[in-house]
Amino acid sequence: MDCLKKKTLSFLLIFVSIYARGTLLQEAGPARQRKPFFERLRRLEEQFQRFQQVTLTHLQDIASNYNVYYNVDARFQSLVEESQAIALAANRSQVAIQKDVAHLKTWLRKIQRRSQKVDAQLQALNLSLSTKSRQWVEEEKEQKAKREVTASLALSIRALQDALASLTQQVHSQDARLAALEGQIQRASPGTAVLGLTTAPMPTQLAQRGPGSLQLWRNSQTSRPSLQNRSSPQDFTVHVQKTQKFQAPSRHQAALPRTHQEPGNICSSGPVLIFPNASTENVIFLSPSFLTPLRALSFCSWIRMASGHLGTLLSYATKDNDNKLVLHGRDSLDPGSIHFVIGDPVFRELSLKPLLDGQWHHICIIWTSMEGKYWLHIDRRIVATGTHFREGYEIPPGGSLVLGQEQDTMGGEFDSSEAFVGSISGLAIWDRALVPKEVANLATGKELPTGAILTLTNATSVGGFVKRAKCTCLEQCP
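Residues numbered from 1 in each chain as written. Predicted model: local features only at pLDDT ≥ 70, side-chain atom pairs only at ≥ 80, totals over all residues. Heavy atoms only, no water.

- An unreviewed UniProt entry lists the protein under the name Pentraxin-4, with Cricetulus griseus as the source organism.

If you want it as structure tokens, here you go:
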């Protein structure tokens, strides 16, 4: 087809040139005679030139169209291939879409079933929530009533605590007055003072001394008629013996004005722990320590000092404070003084000079957060008292409790200058304030008050050179 086009084009060019030449030869003769002939020839030449240009332009267009047609075939072939690929891809995508649609339909059915189950569960939950909401409202009402009852109980307990604190203070005051009266009785002559033959004080004078003195006077007045009614000397002797037995103090009580007990008075006080020297290894751990917060404390023990200054009797440390509860003395302090620390740096300085004589003494240190009151008993007697010491404070539980050393960290970092040197026996700790009667029973070896939270039986670790001794009576211990 391309060859035929080329032949046609060449033939057309040859025909046009022959026709133009023949036309010129035919009109050459008459042109010599007439000028218009040349004009026509010139016009023909111009027409021929324009015809050539037009023909050339057409030929160029044909050539370009031929090239375009050739490129169009190639493009058409590529388009056909692309269309086939697109059709194949479309088929594949249609298959995939059909699969996805089938999966979606399956998931839709599953979701519908699940939604139905969820709706049923939501209805059940709504029903249960409505039921529980009613229960919660009722429980809230009950809790509110319980809180009101608890608040009223707390107020009642606080009122009882205030009354107990006031009563405790009154009991301590009465005990001090009774101790003073006993001292007066002991200083009186043993003959006529016991029998009441001396000049008796008036009731108004006894009332000024205190209720205890007035009650003793009343008891003595009631006993006098029975004495006067006795007729025989034998009855009089029996009455004197009974009166002496009732009024005269025991051997331990008579020894109170002195600095130490008579031998053989205090027996069955339990094991004796001996700290022979000021070593950092001499330490006793008590476990478990305090299990609940303490708003009151009573520390009582028999103590015999073997050095010229007071060391550390007790140290209680927690993670946030290594001096939560400490009873310790240092070389730099007064040799007979001790620091009673509750929640460092707050402390009270107590004098224990009677303990420096090397004899056995009974001490009780009592504290309550109610008004921050504290008392120091030495051999039954109150020698120091005060208020507003850590008022409303609680000693936290879960710390480390040791005897004989002062802790700089929880359970360690001891200092030999703070060590206790001496002997300890009958140590006990209560989470309440003991009354003077209980302290007196301890000091006379009668009975241990109930409710002790720690004793020497809680000693889980005895380190260093500390010795454990068993003595029938304290005065017999080495």
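## Focus on the sheet that holds strand β6 (residues 337–342)
1) Next: Strands sit in the order β7-β6-β5-β4-β11-β2-β14 across an open sheet of seven strands; the sheet is antiparallel. Of all the strands in the sheet, just β7 (347–351) and β14 (459–462) have a single pairing partner and so form its edges. On average, each strand axis in the sheet is inclined to that of its neighbour by 20 degrees, with strand direction left out of account. (Pairing = 2+ DSSP bridges. Helix = DSSP H or I, 4+ residues; strand = E, 2+ residues; numbered from the N terminus. Axes fitted to C-alpha atoms, helices over the stretch in contact; angles between N-to-C directions.)

## A few points about the packing of aromatic side chains
1) Next: Counting across every chain of the model gives five aromatic pairs.
2) Next: A centroid spacing of 5.9 Å and a plane angle of 75 degrees characterise the contact between Phe37 and Phe38, whose relative ring orientation is edge-to-face.
3) Next: Given a relative accessible area of 44%, Phe38 falls into the partly exposed group.
4) Next: Plain terms: the ring middles of Phe275 and Phe420 are 5.4 Å apart, the flat faces sit at 80 degrees to each other, and that makes the pair edge-to-face. Highlighted residues: Phe275 in strand β1 (residues 272–275) and Phe420 in the loop between β11 (400–403) and β12 (422–430), separated in sequence by 145 residues.
5) Next: What makes Phe275 buried here is its relative accessible area of 2%.
6) Next: An aromatic cluster of three or more residues is present, and its members are Phe340, Tyr374 and Phe389.
7) Next: Over the aromatic face of Trp107 sits the side chain of Lys110, whose NZ or CZ is 5.1 Å from the ring centroid. (Phe/Tyr/Trp six-rings, centres within 6.5 Å; stacked < 30°, edge-to-face > 60°. Buried < 20%, exposed > 50% of the residue type's maximum accessible area, 1.4 Å probe, protein only. Lys NZ or Arg CZ within 6 Å of the ring centre and 35° of its normal.)

## Quick notes on the confidence of the model for the protein
1) Next: Averaged over all residues, the pLDDT of the protein equals 77, while 75% of them reach at least 70.
2) Next: Note on residues 189–264: pLDDT is under 50 here. Beyond four places in sequence and across chains, it has 74 contacts. (pLDDT = per-residue confidence, 0-100. Contact = heavy atoms within 4.5 Å.)

## Examining the state of the cysteines
1) Next: Across all of its chains, the model carries two disulfides by this definition.
2) Next: A sulfur-sulfur separation of 2.0 Å characterises the disulfide bridge that pairs Cys300 with Cys364. On the S-S bond that ties Cys300 to Cys364, the torsion sits near 120 degrees, and the link is right-handed. In this pair, Cys300 is assigned in strand β3 (residues 296–305) and Cys364 in strand β8 (residues 361–368), connecting sequence segments 64 residues apart. Side by side, Cys300 and Cys364 carry an identical accessibility label, which is buried.
3) Next: In this model, Cys471 is linked to Cys477 through a disulfide, with the two sulfur atoms separated by 2.0 Å. (Disulfide = S-S within 2.5 Å.)

## Thoughts on the side chain of Ser289
1) Next: Structurally, Ser289 can be placed in the loop between β2 (284–286) and β3.
2) Next: Of the polar contacts made by the side chain of Ser289, one reaches the backbone oxygen of Gly399; its length is 2.7 Å.
3) Next: For Ser289, the contacting residues outside a window of four places in its chain are Tyr316, Gly398, Gly399, Leu401 and Leu454. (Polar contact = N/O pair within 3.5 Å; in protein donor to acceptor, adjacent residues only side chain to side chain.)

## Structural notes on the environment of Leu427
1) Next: Within the element layout of this structure, Leu427 appears in strand β12.
2) Next: In this structure Leu427 comes out as buried when scored by relative accessible area, which is 3%.
3) Next: Taking C-alpha positions, Leu427 is 9.0 Å from Gly270, a pair spaced 157 residues apart along the chain.
4) Next: Setting aside residues up to four positions removed in sequence, Leu427 forms contacts with Phe299, Cys300, Ser301, Leu403, Leu454, Thr455 and Leu456.

## Here's the deal with helix α9 (residues 436–443)
1) Next: Counting buried positions along α9 yields seven of eight residues, so the element is predominantly enclosed.
2) Next: Directly beyond the C-terminal end of α9, a positive phi value near 70 degrees is found at Gly445.

## Comments concerning a nonpolar patch on the surface
1) Next: A cluster of nonpolar side chains, namely Val118, Leu122, Leu125, Leu129 and Trp136, defines an oily patch on the protein surface of about 500 Å² accessible area.
2) Next: Tracing the sequence through the fold places Trp136 in helix α3 (residues 36–187). (Patch = residues over 30% accessible without salt bridge, like charges linked within 9 Å, V, L, I, M, F, W, Y side chains within 5 Å. Areas by Shrake-Rupley, 256 points an atom, 1.4 Å probe, with all protein chains shown as cover. Salt bridge = Lys/Arg side-chain N within 4 Å of Asp/Glu carboxyl O.)

## Points about a positive patch on the surface
1) Next: Taken together, Lys105, Arg109, Lys110, Arg113, Arg114 and Lys117 make up a surface patch of like positive charges.
2) Next: Looking at where Arg109 falls in the secondary structure, it is placed in helix α3. (Lys, Arg positive; Asp, Glu negative; His and termini not counted. Charge placed at Lys NZ, Arg CZ, Asp CG, Glu CD.)

## Brief notes about the pairing of strand β4 (residues 314–317)
1) Next: Here β4 shows two buried faces, one formed by Leu314 and Tyr316 and the other by Ser315 and Ala317.
2) Next: Relative to strand β5 (residues 325–328), β4 runs antiparallel, the two sharing three bridges. Each bridged residue has a counterpart across the sheet, and for Tyr316 the counterpart in β5 is Leu325.
3) Next: Note that β4 and β11 share four bridges and pair antiparallel. Across the sheet, Ala317 pairs through a bridge with Ser400, a residue of β11.

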